[in-house]
Amino acid sequence: MLDYTNAEVVLETRDLTKHYGGVHALEGANFKIHKGEHVAIMGDNGAGKSTFVRQITAVEQRTRGDIILNGQPTQFDSPIEAREAGIETVFQNLALADDLDVPSNLFLGREKVKFKLGPFSILDNKAMREATMAGLVKTGVKIPNILNSIQNMSGGQRQCVAIARTAAFHSKLTIMDEPTAALGVQETAQVENIIRTLKEQQEPVILISHNMRQVFDLMDRIVVFRRGRICANLTIDGSIKPEDVVAYITGAKTGEEFPEAM
Amino acid sequence: MSQSSHGIGGLTFDEKKKARAPEWNVFFALLLIVGIFEGLGALLMGQSLLFDSADRFDSIFNEARLKIIILQVAIIGIIALGSTQVIILGGIDLSPGSIVGVTAMIAMSFAQVAEISAGVVNPKLMWAGISDLPVIVPIVIGLAVGIAAGAINGLLIAYTRIPPFIATLGMMVFARGAAKWWSKGQPISFPTDSYAALGAGMMPVFIFIALAILFHLILKYTVYGKHTYAIGSNEQASRMSGIKVEHHKVLVYTIAGALAALAAIVLSSKNLTAQAGMGVMYELDAIAMTVIGGVSLSGGRGSILGTVLGSLIFGVIISGFTFLKLDAYYQEMVKGIIIVGAVVLDQYRQKRNASRM
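The present account deals with the structure reproduced in this document. Since the model is a prediction, treat every value here as computed from it, not as a measurement.

### Observations regarding the environment of Val 205 of chain A
Move 1: Relative to the helices and strands, Val 205 of chain A is located in strand β10 (residues 205-208).
Move 2: Not counting residues within four places of it along the chain, the set of residues in contact with Val 205 of chain A comprises Ile 33, Glu 37, His 38, Val 39, Leu 173, Thr 174, Met 176 and Leu 198 of chain A.

Below is the structure:
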């Protein structure tokens, strides 16, 4: 197993906390992810996984705490800013425009233009097609024809398009929120292959998943959330077993707090 | 671009996997309808609808009829170009007919002559001092009215979040009232020669075609077009992707308003008069043209080319019924059937496409 302790830290959170009124959805999360590292976030429903991701991606504004991206403390006001800074999120419910083709979806909201003219800027369709092909090659996604609208593509292909977005834009960190929850066996395999490809390319990934097999197959480390706190930080090596993870998730086993969740 | 470059990952580019452009279906429908009228014409009248059967002209086509077919849909067609964009955006615009009314009244009041012939004072002159202005004045004022009305539609829809149906229904009623108020219900007539030239002869057709080409290119090749389709397809995803959805909506409705104003200028010029009742029901005909042309009312799909073909279907039906000497009542009944039929066929086609993949 690779040791990432000395690798460059891509994202770090310190004391990240979110309260919804009296509900402490996330309490003092200290988290680190290094370059090339793939980290799974696990936990029961309502454990704080999604709240954690929503703070990082600026879908919501945190109550307190720091988010440090590439050594720089950040304060994003909107998901768009987070994305521009290089945090790409693949959502469970796909953020794709069904009637548009693959390049249009990849470049949605940040189209390449040949000639600037305000809203009437001329699109550089050729460059976007080529970048799309490059992004798909990078992730190994198979699409029969990228110029068809994506509405008739399979769930797996669509999810692949969503993930390929991150590859096309050289993001610093890819967050996937249960990317295979709605997919069949074969389609899940497709998406998992992409995650492996990202691994080979040293792209850091945070994966939220309930699928123990998937996490053990693909990830380097598991961070378990329980009742709004990080309760375990487990490097996947021979010593850790799925039963242990389940024990942490359900609270049967309680790890000490991880102030330096490594 | 070579074929294989569209496919990837060991799969070769599969021509069959490229969906047929839906405009072809509209085109085939147009041919079918022309065919039906040709058949009925041969059967009932012993004449052809489009071809010159009486040797009256020097061409194989009956040019006069072709001109009428396109001339009678050109002005509503201009409105339909705007409706197309609004519907692709996922909205609806009920106001252009009334915008035509108010714009025609206001523009015409700045386009009047003082004397209709030497020594004969224009009996309809609105303001004694304001007459014989350069043609640019009524055009600019007319466009400004349309742009203002469209922008108000867009601002209401984008920022108060009321449904487009309600916002534009309000504008429809308001603008019609404004059209009547402007001259206290009196028609406004006798424009300058240069204003009258704007809609004379085949000018409406030229303007329609030029605008159709312009907006076809804009929708296909600009960021504006891409965002219009994206918002209509998935507004939430567009917003998350960083598209300024509200700004864009205002822009699209403003353009629709401007196109309605252009239609009003051409129409009032063609008729040499403006009345408060001008343009009633135009918005519905425009929406019908876009729907027949394959534009999806749920947004995200359709094209200017489809709408132009849809407007031609409209023109052929109107001319066809006149040609067959059938009552106008049947015309409207058939139009109604075709509108519904177009949407039913489109839905059927979509389902079939989905199951084929």
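### Observations regarding empty space enclosed by the protein
Move 1: This structure, assessed with the given rule, holds four cavities of 30 Å³ or more.
Move 2: Empty space within the largest cavity amounts to approximately 190 Å³.
Move 3: Lining the largest cavity are 16 residues, and of these Arg 83, Thr 89, Phe 91 and Arg 165 of chain A together with Met 240 of chain B sit closest to its centre.
Move 4: Looking at the lining of the largest cavity, the elements with two or more residues in it are α2 (79-84), β6 (87-90) and α5 (155-168) of chain A.
Move 5: For the lining of the largest cavity, the leading source of residues is β6 of chain A, giving four residues.
Move 6: Its residues placed into classes, the lining of the largest cavity shows ten nonpolar, three polar and three charged.

### Comments concerning helix α8 (residues 223-233) of chain B
Move 1: Buried residues dominate α8 of chain B, accounting for eleven of its eleven residues.
Move 2: Residues of α8 of chain B that are buried include every one of Val 223, Tyr 224, Gly 225, Lys 226, His 227, Thr 228, Tyr 229, Ala 230, Ile 231, Gly 232 and Ser 233 of chain B, and no others.

### Looking at the sheet that holds strand β2 (residues 23-34) of chain A
All names here are of chain A.
Move 1: An order of β2-β1-β4-β5 is seen for the four strands of this open sheet, with the pairing classed as antiparallel. The open sheet has two free edges, formed respectively by β2 and β5 (72-74), since each of these has just one partner strand. For this sheet, the mean angle separating the axes of adjacent strands, direction not counted, is 25°.
Move 2: Direction of pairing for strand β1 (residues 9-20) relative to β2: antiparallel, over a ladder of eight bridges. Opposite Val 9, over in β2, you have His 34 as the bridge partner.
Move 3: Helix α1 (residues 49-56) contacts β1, β2 and β4 (64-69) of the sheet and is inclined by roughly 115° relative to β1.

### A short note on the sheet that holds β6 of chain A
Residues and elements named next belong to chain A.
Move 1: Read across the open sheet, the six strands follow the order β6-β9-β10-β3-β11-β12; overall the sheet is mixed. Each of the sheet's edge strands pairs with one partner strand only, and the pair in question is β6 and β12 (229-235). On average, each strand axis in the sheet is tilted by 20° relative to the strand beside it, whichever way the strands run.
Move 2: Bridging between β6 and strand β9 (residues 173-177) involves four bridges; their strand directions are parallel. Bridging from a neighbouring strand, Thr 89 pairs with Ile 175 of β9.
Move 3: Across the sheet, helix α6 (residues 185-200) is in contact with β3 (38-43), β9 and β10; its angle to β3 comes to roughly 135°.

### Description of the nonpolar core
Move 1: With 97 residues, the main nonpolar core has Phe 37, Ile 78 and Val 316 of chain B as its most contacted residues.
Move 2: Here the element with the most residues in this core is helix α2 (residues 63-88) of chain B; it accounts for 13 residues.
Move 3: Contacts of Phe 37 of chain B, omitting those with residues within four sequence positions, involve Leu 49, Val 316, Ile 317, Gly 320, Phe 321, Phe 323 and Leu 324 of chain B.
Move 4: In terms of nonpolar packing, the next biggest core, distinct from the first, is built from 46 residues, Ala 168, Val 224, Ala 232 and Val 245 of chain A among them.

### A closer look at the packing of α2 of chain B against helix α7 (residues 203-221) of chain B
Residues and elements named next belong to chain B.
Move 1: At a closest axis distance of 8 Å, the pairing of α2 and α7 adopts a crossing angle of 20°. The orientation of α2 with respect to α7, classified from their angle, is roughly parallel. Like other packed secondary-structure pairs, α2 and α7 cross with a definite hand, here left-handed. Across the interface between the two elements, Ile 70, Leu 71, Ala 74, Ile 75, Gly 77, Ile 78, Leu 81, Gln 85 and Ile 88 of α2 pack against Pro 204, Val 205, Ile 207, Phe 208, Ile 209, Leu 211, Ala 212, Phe 215 and Leu 219 of α7.

### Things to note about the pattern of salt bridges
Move 1: For the structure on display, the rule yields 16 salt bridges over all chains.
Move 2: Of the charged contacts in the structure, one is a salt bridge between Glu 88 of chain A and Arg 110 of chain A, with a shortest N-O distance of 2.9 Å. Of this pair, Glu 88 of chain A sits in strand β6 while Arg 110 of chain A is found in the loop between α3 (102-106) and β7 (113-115), placing the two residues 22 residues apart along the sequence.
Move 3: Glu 246 of chain B is the partner of Arg 161 of chain B in a salt bridge, and the nearest nitrogen-oxygen pair spans 3.2 Å. Of this pair, Arg 161 of chain B sits in the loop between α4 (136-160) and α5 (164-182) while Glu 246 of chain B sits in helix α10 (residues 245-271), placing them 85 residues apart in sequence.
Move 4: For Arg 161 of chain B, a relative accessible area of 58% corresponds to the exposed category.
Move 5: Through salt bridges that share partners, Arg 161, Glu 235, Arg 239, Glu 246 and Lys 249 of chain B make up one connected network.

Rules and cut-offs
- Residues numbered from 1 in each chain as written.
- Chains lettered and ligands numbered in written order.
- Predicted model: local features only at pLDDT ≥ 70, side-chain atom pairs only at ≥ 80, totals over all residues.
- Heavy atoms only, no water.
- Helix = DSSP H or I, 4+ residues; strand = E, 2+ residues; numbered from the N terminus.
- Contact = heavy atoms within 4.5 Å.
- 1 Å grid on protein atoms, 1.4 Å probe; cavity = no way out; pocket = protein on both sides within 12 Å on 5 of 7 lines; lining within 4 Å.
- Points joined across faces, edges and corners; volume = space filled by probe spheres on them.
- Nonpolar A, V, L, I, M, F, W, Y, C, P; charged D, E, K, R; others polar.
- Buried < 20%, exposed > 50% of the residue type's maximum accessible area, 1.4 Å probe, protein only.
- Pairing = 2+ DSSP bridges.
- Axes fitted to C-alpha atoms, helices over the stretch in contact; angles between N-to-C directions.
- Core = buried A, V, L, I, M, F, W, Y, C linked by side-chain atoms within 4.5 Å.
- Parallel < 35°, antiparallel > 145°, perpendicular 65-115°, else oblique.
- Left-handed = near helix turned anticlockwise from the far one by under 90°.
- Salt bridge = Lys/Arg side-chain N within 4 Å of Asp/Glu carboxyl O.

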